[in-house]
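Tertiary structure, described
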Amino acid sequence: MALKNSITANEGTQKAPFSLQIQSKGYQNLINTTLRDKKTANRFIASIVSAVSANPALQECDAGTILSAGLLGEGLNLSPSPQLGQYYIVPFNDNKNKRKVAQFQLGYKGYIQLAIRSGQYKKLTVMPIKQGELIHFNPLEEEIEVQLIENEIEREKAPTIGYYAMFRYINGFEKAMYWSKEKMMSHADKYSPAFSIEEKTIKTGGRQLKKVSFEEYESGNYDEKDSWLYSSFWYKDFDGMACKTMLRQLISKWGIMSIEMEKAVTSDMAVINENGEAEYAEEASELVETAAVEEAVLESKEPEDDFTAIMGG
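Remember, predicted model here, so these are calculated numbers, not experimental data.

Here we take up the overall build of the protein. A tally of regular secondary structure across the protein gives twelve helices and eleven strands. In the protein, buried positions account for 49% of the 313 residues. Put simply, 63% of the contacts in the protein that link residues at least 6 apart link residues at least 24 apart. For the protein, the computed accessible surface area is about 15800 Å², with 49% contributed by carbon and sulfur atoms.

A separate point is the pattern of salt bridges. For side chains of opposite charge, pairing can occur when their charged atoms come near one another. Tallied over the entire structure, the rule returns eleven salt bridges. With a shortest N-O distance of 3.6 Å, Glu 260 and Arg 117 are connected by a salt bridge. In this pair, Glu 260 sits in helix H11 (residues 259-267) while Arg 117 sits in helix H5 (residues 108-118), placing the two residues 143 residues apart along the sequence. A salt bridge links Lys 181 to Glu 218, with the shortest nitrogen-to-oxygen separation between them at 2.8 Å.

The next thing to look at is a negative patch on the surface. Together, Asp 189, Glu 198, Glu 199, Glu 215 and Glu 216 line one region of the surface with negative charge. Summarising the element assignment, Glu 216 is placed in helix H8 (residues 214-218). The partly exposed category is assigned to Glu 216, whose relative accessible area is 33%.

All right, on to the nonpolar core then. Most often, soluble globular proteins keep nonpolar side chains buried together rather than apart. Judged by nonpolar contacts, the single largest core of 70 residues is most densely connected at Ile 66 and Phe 238. Take this core: its biggest share by element is eight residues, from helix H10 (residues 238-254). Leaving out residues up to four positions away in the same chain, Ile 66 has contacts with Phe 18, Ile 48, Val 52, Leu 58, Cys 61, Ile 89 and Ala 102. Met 127, Phe 137, Met 166 and Tyr 178 belong to the second-largest nonpolar core, a separate cluster that totals seven residues.

Relative to the assigned elements, Asp 62 resides in the loop between helix H3 (38-53) and helix H4 (63-75). The exposure class of Asp 62 is partly exposed, given its relative accessible area of 24%. C-alpha separation for the pair Asp 62 and Arg 99, spaced 37 residues apart in sequence, amounts to 7.6 Å.

What follows is about the environment of Val 52. Residue position: Val 52 is located in helix H3. Sequence separation of Val 52 and Ala 63 is eleven residues, and the distance between their C-alpha atoms is 10.0 Å. Every residue in contact with Val 52, bar those within four places of it in the chain, is listed here: Phe 18, Leu 58, Gln 59 and Ile 66.

Conventions we followed
Residues numbered from 1 in each chain as written. Predicted model: local features only at pLDDT ≥ 70, side-chain atom pairs only at ≥ 80, totals over all residues. Heavy atoms only, no water. Helix = DSSP H or I, 4+ residues; strand = E, 2+ residues; numbered from the N terminus. Buried < 20%, exposed > 50% of the residue type's maximum accessible area, 1.4 Å probe, protein only. Contact = heavy atoms within 4.5 Å. Areas by Shrake-Rupley, 256 points an atom, 1.4 Å probe, with all protein chains shown as cover. Salt bridge = Lys/Arg side-chain N within 4 Å of Asp/Glu carboxyl O. Patch = residues over 30% accessible without salt bridge, like charges linked within 9 Å, V, L, I, M, F, W, Y side chains within 5 Å. Lys, Arg positive; Asp, Glu negative; His and termini not counted. Charge placed at Lys NZ, Arg CZ, Asp CG, Glu CD. Core = buried A, V, L, I, M, F, W, Y, C linked by side-chain atoms within 4.5 Å.

Distances and angles like these do not, on their own, reveal function.
Listed below in structure tokens is the structure:
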């Protein structure tokens, strides 16, 4: 969805609440010309204002980037509600331009929704594999043998050792993949500037701060006053990000990609400019998601439906 209407910098001020900025003439014209009708526009405004209000760090972001990310999500017919986990509007430090911007981030449930709409998938599954569950995985035949822990509470407490994802089309074609947790950690370390497997020293605000290794973080061995250093979802919800990565790898390489899915994948983890184009942040930037959003996401999950979605049989 291209946003052809330009968003001028003098519309509203960064000091004003987003709920007031979005009422400006320029933003209202953009919303009304992009969306279908007044009822849709009012619902969209209410949902975006609610999402921004729940996240103090997001309130500091450029209002135009928040709106562009929201309109992209609306164009994909996805909800910004953290409880639904379809997509997130994430605060990001744009170090290059010395400002805070909002980034569009697709959730794993968003991938599932877009796959369902294509009408091509009979079955789609993604889930973490716990310690003691994996018996065998044959990558050549893509066959997995597991013995799942029956007690849900015990399963939740068990350490994750890997991740499994598969799909089956209505015509019978299917594809599956399994990644160990070590492989997923290496992937996150390579592609996420906010995540690090090993101990790392970073410079911010003229200070040098030590970031503990991921193993130490998982053990709780880090200074609470530096908890903001670990605000990336890769720290707060590693399994959720891992499941999203599995779906992205599986569907983008072998799945049927609808126009909506292609747009979502190319825009994921990007800042959407006023022309509707995806711009990717500099590597030196750090994610600044806040606990309010993360806790809402984590608390909304139900153990029996955490990371598995099955359509049909």
